[in-house]
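As a plain string of letters, each chain reads:
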Amino acid sequence: MSGDLAGLRVVVSAGPTYEDIDPVRFVGNRSSGKMGFAIAAAAARRGATTILVAGPVALDTPAGVERRDVRSAAQMHAAVMAALPADVYVGAAAVADFTPAAFAEGKIKKTPGDEGLVLELVRTADILADVATHPRRPRLVVGFAAETGDLEANALDKLARKRVDMVAANRVGVAGSGFEADDNTLHVLDAGGGRVLGPAAKTTLADALLDLVAARLR
Ligand code: PMT
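My aim in this report is to walk through the structure given alongside it, one point at a time. (Residues numbered from 1 in each chain as written. Predicted model: local features only at pLDDT ≥ 70, side-chain atom pairs only at ≥ 80, totals over all residues. Heavy atoms only, no water.)

1. Regarding the environment of Arg68
(1) Moving on: With respect to the helices and strands, the residue Arg68 is situated in strand β5 (residues 65-69).
(2) Moving on: Linking Arg68 and Ala79, residues 11 residues apart in sequence, is a C-alpha distance of 7.3 Å.
(3) Moving on: Here Arg68 is in contact with Arg9, Ile51, Leu52, Val53, Ala54, Ala79, Ala82 and Ala83, once residues within four sequence places are set aside.
(4) Moving on: A polar side-chain atom of Arg68 sits 2.6 Å from a polar atom in the side chain of Glu66. (Helix = DSSP H or I, 4+ residues; strand = E, 2+ residues; numbered from the N terminus. Contact = heavy atoms within 4.5 Å. Polar contact = N/O pair within 3.5 Å; in protein donor to acceptor, adjacent residues only side chain to side chain.)

Structure, rendered in structure tokens:
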């Protein structure tokens, strides 16, 4: 395989996770998978052996990519860990931070007079932080940060707290970037400083981000 990422193993996570409450209901994050799938497609096109761990999304598998489908944060955690060792990990998935404390085997019924339902949630494992502190840590660990404000401050906090090498922060909750849109703007921060990629198509940004990854590995 030729390309500037030939010989490298790249693991990408993409899409949301769904945390089941009962057989018919779940809680989850918003994500179409477009950003992560674009990164996996670009990595494979550039010659990397590419493993894509995908939450529930309606996207075709990019050419040359090995896809592993999962549903929950726990399944995504297990699939990412099983894909190590790798040279690069890119965590573009919108992993649910909380999951129901218990799964109800039967559909939870509405009873007359009920005013609501109190759901107990517990924290999920942090996949990105666990990859970054793994004994077989990839040479480069890239996280995403989905933020509604203070992009760079929040991304810097994630860079340090999760011990990752690079963070790509994007604004969510506005049209034309973040979840579901075809376009995005990435504020990429690493120890060397920051730069803004875009606004541009997610497919274009995927290559621009991998240019930074390739430069860090040289
Ligand atoms: O899929 P699209 O519709 O194209 O949208 C793309 C996107 C907005 C989902 C994507 O660009 C993005 O920002 N992904 C990260 C979303 C997110 O959950 O961000 P966060 O700030 O909550 O998490 C920070 C980082 O920790 C992320 O790399 C996330 O994958 C990781 N994480 C979070 C929680 C957890 N339990 N495990 C994790 O690995």
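Still to come is the rest of the account.
2. Overview of helix α4 (residues 151-161)
(1) Moving on: Of all the positions in α4, only Leu151, Ala155 and Leu159 are classed as buried. Viewed along the axis of α4, the buried residues span an arc of 65°, placing them on a single side of the element. Summarising the geometry of α4, the exposed residues directed more than 90 degrees from the buried face are Ala153, Ala160 and Arg161.
(2) Moving on: In the stretch just after α4, Arg163 is the one whose phi turns positive, near 55°. (Buried < 20%, exposed > 50% of the residue type's maximum accessible area, 1.4 Å probe, protein only. Arc of directions from axis to C-beta.)

3. Some remarks on the environment of Thr61
(1) Moving on: Within the secondary structure, Thr61 sits in the loop between β4 (49-54) and β5.
(2) Moving on: A residue is classified by how much of its surface remains accessible, and Thr61, at 39% relative accessible area, is partly exposed.
(3) Moving on: For the pair Thr61 and Val131, spaced 70 residues apart in sequence, the C-alpha separation works out to 24 Å.
(4) Moving on: Of the polar contacts made by the side chain of Thr61, one reaches the side chain of Arg67; its length is 3.0 Å.

4. Structural notes on the pattern of salt bridges
Pairing between side chains becomes possible if they bear opposite charge and their charged atoms approach one another.
(1) Moving on: Evaluated as defined, the whole model comprises 16 salt bridges.
(2) Moving on: In this structure, Arg30 engages Glu180 in a salt bridge whose closest nitrogen and oxygen atoms are separated by 3.0 Å. With Arg30 in the loop between β3 (25-28) and α1 (34-45) and Glu180 in the loop between β10 (166-171) and β11 (183-190), this pair connects stretches of sequence that are 150 residues apart.
(3) Moving on: Taking relative accessible area as the criterion, Arg30 reaches 53% and is therefore assigned exposed.
(4) Moving on: Judged by its relative accessible area of 36%, Glu180 falls in the partly exposed class.
(5) Moving on: Through salt bridges with shared partners, a single network forms among Asp4, Arg45, Arg46, Asp207 and Asp211. (Salt bridge = Lys/Arg side-chain N within 4 Å of Asp/Glu carboxyl O.)

5. Digging into the layout of surface pockets
(1) Moving on: When its volume is computed, the largest pocket comes out at roughly 720 Å³.
(2) Moving on: If you trace the largest pocket, you find 37 residues lining it, with Ala93, Ala94, Val95, Phe144 and Ala146 closest to the centre.
(3) Moving on: Looking at the lining of the largest pocket, the elements with two or more residues in it are β1 (9-14), α1, β6 (88-91), α3 (127-132), β9 (140-147) and α4.
(4) Moving on: The class makeup of the residues in the lining of the largest pocket is 16 nonpolar, 11 polar and 10 charged.
(5) Moving on: Lys34, Phe37, Ala38, Leu59, Pro62, Asp182, Ala201, Lys202 and Thr203 are the residues that line the second largest pocket.
(6) Moving on: Mapped by element, the contributors of at least two residues to the lining of the second largest pocket are α1 and α5 (202-217).
(7) Moving on: Element by element, the count of residues in the lining of the second largest pocket is highest for α1, at 3 residues.
(8) Moving on: Counted by class, the lining of the second largest pocket contains 5 nonpolar, 1 polar and 3 charged residues. (1 Å grid on protein atoms, 1.4 Å probe; cavity = no way out; pocket = protein on both sides within 12 Å on 5 of 7 lines; lining within 4 Å. Points joined across faces, edges and corners; volume = space filled by probe spheres on them. Nonpolar A, V, L, I, M, F, W, Y, C, P; charged D, E, K, R; others polar.)

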